[in-house]
Amino acid sequence: MKRVLLAALLCTVAFMVQATSWRTAMANYNFTEAIKILDTKIDSLYAIKDTVNLVPLLREKVTCQKSLCKFNDAISTIEDIMMLIGQDAPTVASLAECHRLNGNNNAAVLFYNVAVQTDPENLFYKIQLANLQYRMEDYAGSLSTGKQILQRDSIEAIMSLVGNSFNKLNQTDSALVYYREVYRRDNYDYRTLDKISNIYLARKMYDTVLVMANEYLSRDSANIVITPIKGLAQYSLKQWNEAGDTFRAGVRYGCDKASCYYYIGLCRMNINDYWSAVNYFQWAQNANPKLADDPEFLLNMAYCNGKWRDYPAADSLFKVATNLLQPDSSIMYNVNYARGEIYYEKGMGEDSGKRAATLKKAVKHYKEALRYDPSRIVINTRIGYCLRLAGEYKEALKFYEKYLSAGKEGSYTWKFAQEEIAYIKEELFMQL
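No experiment lies behind these values; they were computed from the predicted model shown. (Residues numbered from 1 in each chain as written. Predicted model: local features only at pLDDT ≥ 70, side-chain atom pairs only at ≥ 80, totals over all residues. Heavy atoms only, no water.)

**Quick look at the packing of aromatic side chains**
Under the criterion given, the structure shown has 22 aromatic pairs. Centre to centre, the rings of Y235 and Y263 are 5.3 Å apart; their planes meet at 80°, and the pair counts as edge-to-face. Separated by 28 residues along the polypeptide, Y235 in helix 13 (residues 226-236) and Y263 in helix 15 (residues 257-270) bring together distant segments of the chain. Taking the relative accessible area as the measure of exposure, Y235 reaches 19% and is therefore buried. You can call Y263 partly exposed: its relative accessible area is 22%. Considering the side-chain rings of F247 and Y263, the 5.1 Å spacing of their centres and the 10° angle between planes classify their relative orientation as stacked. Of this pair, F247 sits in helix 14 (residues 240-253) while Y263 sits in helix 15, and the two are 16 residues apart along the sequence. For F247, a relative accessible area of 2% puts it in the buried group. Against the face of Y372 rests R371, its NZ or CZ located 4.6 Å from the ring centre. For the cation-ring pair, R382 lies above Y344, with the distance from its terminal atom to the ring centre recorded as 4.0 Å. (Phe/Tyr/Trp six-rings, centres within 6.5 Å; stacked < 30°, edge-to-face > 60°. Helix = DSSP H or I, 4+ residues; strand = E, 2+ residues; numbered from the N terminus. Buried < 20%, exposed > 50% of the residue type's maximum accessible area, 1.4 Å probe, protein only. Lys NZ or Arg CZ within 6 Å of the ring centre and 35° of its normal.)

Structure representation (C-alpha cells):
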C-alpha cells in the first residue's frame, strides 16, 4: 500500500515539475522548449485517454505554435482539439485566427462566421469578422456585421468601420452620419475629419471644409493632415495668397513637401507670378522625382515657362507631357491650344524678321487643337490673324471665311473677322 501511494505521489510531483517547466519556458518566450515539454506530457495523456487534462495542454501548445508563426502546425493542433471536444466557439475562433495569420482570409471568414453562429452574443467574434470582411472588400458584409455590433455597444472604431463601408459603397450621406458621430465624440480625431473633408471637397463644399479645418487647427495648429486640407479649401476658393501661406506653413510643420510646393506653385501661377511658380514646381519635383512622369504637372510647368519666356524649356516640357498623355481629345486640345498661345505671344514680342516663323509654329498647334475639338471654331480667327501677320494672306482668308460660315453673326469676333477679310482683300488687290 505504501508503495502504491509513493508511486502516485511521484507521478504527481513529476506532473507538477513538467507543468512548471513548460510554463517557465513560455514565460521566458522559449516556445520551442515549451512545445517539447508539452509534447511529452500530451503523449502520456493520449495514452491514458485523459481528455480533461489533454485539451488544456493542447491549447497551450497552440499558443506556442502561433508565437513561433507556425500557423499550419497550430491549425493541425486545433483540429486535434476539435476531434476531442467538437466545434465550440472559442476553438473555432482560434482556428479562424490562425487562418487569418496564415494569410487565408477566406477560411478565416468562414470560421469566424461559425463562431458567431455558435455564440451570437460574443462581440469579439463579430468584431474580428467585420474587420476581415472590410479587408476583403466585402463592404456590404462589414456594414451588416458592424451594425449588429453597434446595436449592442456603440464602439467608436466600429462606427468608423461602418462609415468606411458606406463610403466604399459610395453612400456618402450615410458615411457622414457615422463619421460625424465619431468626430463629435473626439474632436481631436483628425483622421475622421480628413474623411469628412474629402467628402465635402468632392461636393465642392469648400467653405464648410475651411471652417472645419480652422476650428480644428485652433486646437492643434501644426497638424500635418489638416493643414494641407485647409490649403486645398483655400485654393479651391481661389484664395491664392492665403492658400500659398498655408502650404508654406505646411512645409515648416513637416507636411509632404512635394505636394505643398506644387500647390504654392499653382497659387503663384494663378496670380501670374510665373517665375516663382516655376521655382516652386522645380522644388516639388526635387522632393518627388516621380512628378516628372505626371502630365498635368509637366503641362503647368511648361505653361509657366512659356509665360516666363523660357520657350525652349516650355517646348521641351510640352513634348514630354504629350508623349505621356493618352489620346484624350480634351487633354490634347488643351495641350496644343496652350502651345499655340505661347508661340503667339512669343511672336508678337519679336521683330518682324523673326515673327513670321514663330507665328507659323503657333498656327501648327492651333490647327492641331482644332483637330481634337472642331467645335472651337473661334480658333480659326486666331489662325487667320497669325497667317495674316506672317504675310500669308490667301491662307489667312480661308480661315476667316471658315469662321464666318459657322460663327455667331453680329458678335465681336464676327465683326473682327469681317474687318480682317476686308483688310486682306485690299492688300491682295494692291499686290496685283
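**With respect to the environment of I264**
Of note, I264 is situated in helix 15. Owing to a relative accessible area of 1%, I264 belongs among the buried residues under this scheme. Separated by 26 residues in the primary sequence, I264 and K238 have C-alpha atoms spaced 12 Å apart. Once residues within four sequence positions are removed from consideration, I264 is found in contact with G244, F247, R248 and Y280. (Contact = heavy atoms within 4.5 Å.)

**Examining the pattern of salt bridges**
Scanning the model with the defined rule gives 19 salt bridges in all. The closest approach of N and O atoms between D315 and R339, which form a salt bridge, is 2.3 Å. On the criterion of sequence distance, the pair formed by D315 in helix 18 (residues 311-324) and R339 in helix 19 (residues 329-348) is long-range, its members being 24 residues apart. Take R339: its relative accessible area is 8%, and that puts it in the buried class. Between K360 and E392 there is a salt bridge; the shortest N-O distance is 2.9 Å. On the criterion of sequence distance, the pair formed by K360 in helix 20 (residues 352-372) and E392 in the loop between helix 21 (379-389) and helix 22 (393-404) is long-range, its members being 32 residues apart. (Salt bridge = Lys/Arg side-chain N within 4 Å of Asp/Glu carboxyl O.)

**Observations regarding the layout of surface pockets**
The volume enclosed by the largest pocket comes to roughly 220 Å³. Lining the largest pocket, in full, are Y333, Y337, R376, V378, I379, T381, R382, Y385, Y412, T413 and F416. Sorting the residues of the lining of the largest pocket by element identifies helix 19, helix 21 and helix 23 (412-430) as the ones contributing at least two each. In terms of residue count, helix 21 provides more of the lining of the largest pocket than any other element does, four residues in total. Considering only residue class, the lining of the largest pocket consists of seven nonpolar, two polar and two charged. Taken as a whole, the second largest pocket spans an internal volume of roughly 180 Å³. Forming the walls of the second largest pocket are M269, L299, N300, Y303, F318, I331, Y333, N334, V335, Y337, A338 and R376. For the lining of the second largest pocket, the elements supplying multiple residues, two or more each, are helix 17 (295-307) and helix 19. Among the residues forming the lining of the second largest pocket, the class breakdown is nine nonpolar, two polar and one charged. (1 Å grid on protein atoms, 1.4 Å probe; cavity = no way out; pocket = protein on both sides within 12 Å on 5 of 7 lines; lining within 4 Å. Points joined across faces, edges and corners; volume = space filled by probe spheres on them. Nonpolar A, V, L, I, M, F, W, Y, C, P; charged D, E, K, R; others polar.)

**Points about helix 2 (residues 31-47)**
The first and last C-alpha atoms of helix 2 sit 24 Å apart over 17 residues, in line with the 24 Å expected at 1.5 Å per residue. The set of residues buried in helix 2 consists of F31, A34, I35, I37, L38, K41, I42 and L45. Buried residues in helix 2, looked at end-on, bunch into an arc of 170°, giving them a common side. Exposed and facing more than 90 degrees away from the buried side of helix 2 are K36, D43 and A47. K49 sits one or two residues past helix 2 and shows a positive phi near 55°. (Expected span 1.5 Å × (residues − 1). Arc of directions from axis to C-beta.)

**With respect to the packing of helix 14 against helix 15**
Two numbers describe how helix 14 lies on helix 15: the axes approach to 9 Å, and their chain directions differ by 160°. Taken together, the axis directions place helix 14 and helix 15 in an arrangement best described as roughly antiparallel. By crossing handedness, the relation of helix 14 to helix 15 is classed as left-handed. For the pair helix 14 and helix 15, the contacting residues are W240, N241, A243, G244, F247, R248, G250 and V251 in the first and K257, C260, Y261, Y263, I264, C267, R268 and N270 in the second. The residue inventory of the contact of helix 14 with helix 15, partitioned by class, reads nine nonpolar, four polar and three charged. (Axes fitted to C-alpha atoms, helices over the stretch in contact; angles between N-to-C directions. Parallel < 35°, antiparallel > 145°, perpendicular 65-115°, else oblique. Left-handed = near helix turned anticlockwise from the far one by under 90°.)

**Side note on the side chain of S142**
Along the polypeptide, S142 turns up in helix 8 (residues 139-152). At a separation of 3.0 Å, a polar atom in the side chain of S142 contacts the main-chain carbonyl oxygen of Y139. (Polar contact = N/O pair within 3.5 Å; in protein donor to acceptor, adjacent residues only side chain to side chain.)

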